[in-house]
Amino acid sequence: MNLYVKIPLDKIKQSINKIELTHIDEYLTRDQRKHVAQFYTGNCAIAPIDKLLLTLRFYATGSFLITAGDFLGVSKSSACVIVRTVSTAIARLCHQFIYMPTTDEEVYTLQRSFYKIARFPRAIGAIDCTHIRIQSPGGHNAEYFRNRKGYFSLNVQTVVSPDLKIMDIVARWPGSCHDQTIFRNSNIHSQLVNGKWGNSLIVADSGYKNTSHIVTPFINPRGNIEELYNESIIRTRNPVERTYGVLKRRFPILSLGLRLKLTTSQTILYLSFLRPVLTFACETWSTTKGDEEKMACFERRVLRRIYGPILENEVYRRRTNVEVQQIYQKPGINAYLMSKRIEWAGHVWRSNGILKKALEGKINVKRPRGRPRQRWIDRVKEDINKCAQGLTLEDSIDRDSWKKVVEAAKVLQGQ
């Protein structure tokens, strides 16, 4: 991500609002900008660009939240909320930048690029893990996060291209987990086994098991041929080592340690990685009550794994739905579905294009016997009626009032 900031020298000592900024948020989509700009009305609230600057400063210095807050003159609690909000918005962009090759041409390009490094054939990625230091999460499972080096961490796996681009990342395992365990339970492992990229290879170090898709160096090479093989594979997987060096040099917080609650970090990971995949294209869904119950059940199961059980009278019990929501304090997945449906319906109605024509059009044929299936437009009208009685799609012309309807849908928690 190329974040470019132009700061005039004669204005460095002036107010942060006078800093000239050039396309620093060009990669943020409209939804992400709106997420960062939450509750900003242009008065004494913190501007979205200031939120982004504070978060980047926190990443780049690895300091305490109170120090990052002093950058804009806000409290520690405000700085914590800002870092969480902006981090979530940025992480939602992961699918635009972090992805494995999808076409044969991309696979061939990667193989040629890796071959030019040390003449190692068929390689499309270099894999490795690195420890991201965190503070002790506390509780009875805290020691799971203590790695072999003696400090608490998350063991993060990445697959990197020759130009240091991260193509796959897994950031949910405690520091005590072995690299091979993380890889064996990752999505990229199943894709390799299923032959998604043909006979392509991924180069790794001796911490991984040597298979038909993962190649590792000889532990005790014998002869010049095996030594040349080791030299070639070490040079080929060098980009992943350099990537960690560049990341931890540019964002020292990754090496100095994350001073955030583990549950906060894991919640951000759920909102940023798992839920976007689960709700992809949910704006067009016409969900039934059974579908919504399954979605809510899945979300509660994930959150229970994040927050863990409760110890009462030396006996563990799982958290109730009310207790989970009290900790989560964010709109549930069904509220998210409802708000996205209403938001998309307003966009379609205002567009006056082919989508609106398809929405208004009717097919003059005799319908089959039986109860008709639920239509998307019927579900949208039902959602709108829950938020405001008497409101119709024609009211979406007023963007400001329609945004209030979308926010009201989140407050309803999808009920």
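Procedures and definitions
- Residues numbered from 1 in each chain as written.
- Predicted model: local features only at pLDDT ≥ 70, side-chain atom pairs only at ≥ 80, totals over all residues.
- Heavy atoms only, no water.
- UniProt positions renumbered as here; feature names shortened; annotations may be inferred.
- Helix = DSSP H or I, 4+ residues; strand = E, 2+ residues; numbered from the N terminus.
- Expected span 1.5 Å × (residues − 1).
- Buried < 20%, exposed > 50% of the residue type's maximum accessible area, 1.4 Å probe, protein only.
- Arc of directions from axis to C-beta.
- Contact = heavy atoms within 4.5 Å.
- Polar contact = N/O pair within 3.5 Å; in protein donor to acceptor, adjacent residues only side chain to side chain.
- Salt bridge = Lys/Arg side-chain N within 4 Å of Asp/Glu carboxyl O.
- Phe/Tyr/Trp six-rings, centres within 6.5 Å; stacked < 30°, edge-to-face > 60°.
- Lys NZ or Arg CZ within 6 Å of the ring centre and 35° of its normal.
- Pairing = 2+ DSSP bridges.
- Axes fitted to C-alpha atoms, helices over the stretch in contact; angles between N-to-C directions.

Going by an unreviewed UniProt entry, the protein carries the name DDE Tnp4 domain-containing protein and comes from Acyrthosiphon pisum. The record in UniProt for the protein states the following under Subcellular location (unreviewed entry): "Nucleus". Comment text from UniProt for the protein, heading Sequence similarities (unreviewed entry), reads "Belongs to the HARBI1 family."

Draft legend 1. Summary view of helix α17 (residues 376–387). Between its first and last C-alpha, α17 extends 17 Å over twelve residues, near the 16 Å set by a 1.5 Å rise per residue. For α17, the complete set of buried residues consists of W376, I377, R379, V380, D383, I384 and C387. Relative to the axis of α17, the buried residues are bounded by an arc of 160° and lie together on one face. Tucked inside the fold, the buried residues of α17 contact α13 (289–307), α15 (333–351), α16 (354–360) and α18 (399–411).

Draft legend 2. Here's a closer look at the environment of N147. Looking at the secondary structure, you find N147 in the loop between β1 (123–133) and β2 (153–160). Accessibility expressed as a relative area gives 6% for N147, which makes it buried. With 16 residues separating them along the chain, N147 and H131 place their C-alpha atoms 8.2 Å apart. Reaching out from N147, the side chain makes a polar contact with the side chain of S153 at a distance of 3.0 Å.

Draft legend 3. Up close: the pattern of salt bridges. Overall, the coordinates contain 14 salt bridges when judged by the stated rule. D205 serves as the salt-bridge partner of R237, at 3.7 Å between the closest nitrogen and oxygen. Of the two residues, R237 is situated in the loop between α9 (223–236) and α10 (238–250) and D205 in the loop between β4 (201–203) and β5 (214–215); the sequence distance between them amounts to 32 residues. Accessibility assignment for this pair places R237 and D205 in one class, buried. With its nearest N and O atoms 3.3 Å apart, the salt bridge here joins D383 to R379. Highlighted residues: D383 and R379, both in helix α17, separated by four residues, approximately one helical turn. Here D383 matches R379 in class, with each residue buried. Here the residues in one salt-bridge network are E292, R341, R379, E382, D383 and K386, joined through shared partners.

Draft legend 4. Representation of the packing of aromatic side chains. With the rule as written, the count across this model stands at four aromatic pairs. Considering the side-chain rings of F120 and Y229, the 5.9 Å spacing of their centres and the 50° angle between planes classify their relative orientation as tilted. With F120 in the loop between α6 (104–118) and β1 and Y229 in helix α9, this pair connects stretches of sequence that are 109 residues apart. One aromatic cluster is present, formed by F120, F218 and Y229 through successive ring pairs. Over the ring of Y151 we find R133; its NZ or CZ atom is 3.9 Å from the centre of that ring. Lying over the aromatic face of W349, K356 brings its terminal NZ or CZ to 4.5 Å of the ring centre.

Draft legend 5. Seen up close, the sheet that holds strand β3 (residues 166–174). Taken together, five strands build an open sheet; the order of strands is β3-β2-β1-β4-β5 and the sheet is mixed. Edge positions in the sheet fall to β3 and β5, since each has one partner strand and no second. Those strands touched by α10 are β1, β2 and β3, and its axis lies near 40° from that of β1.

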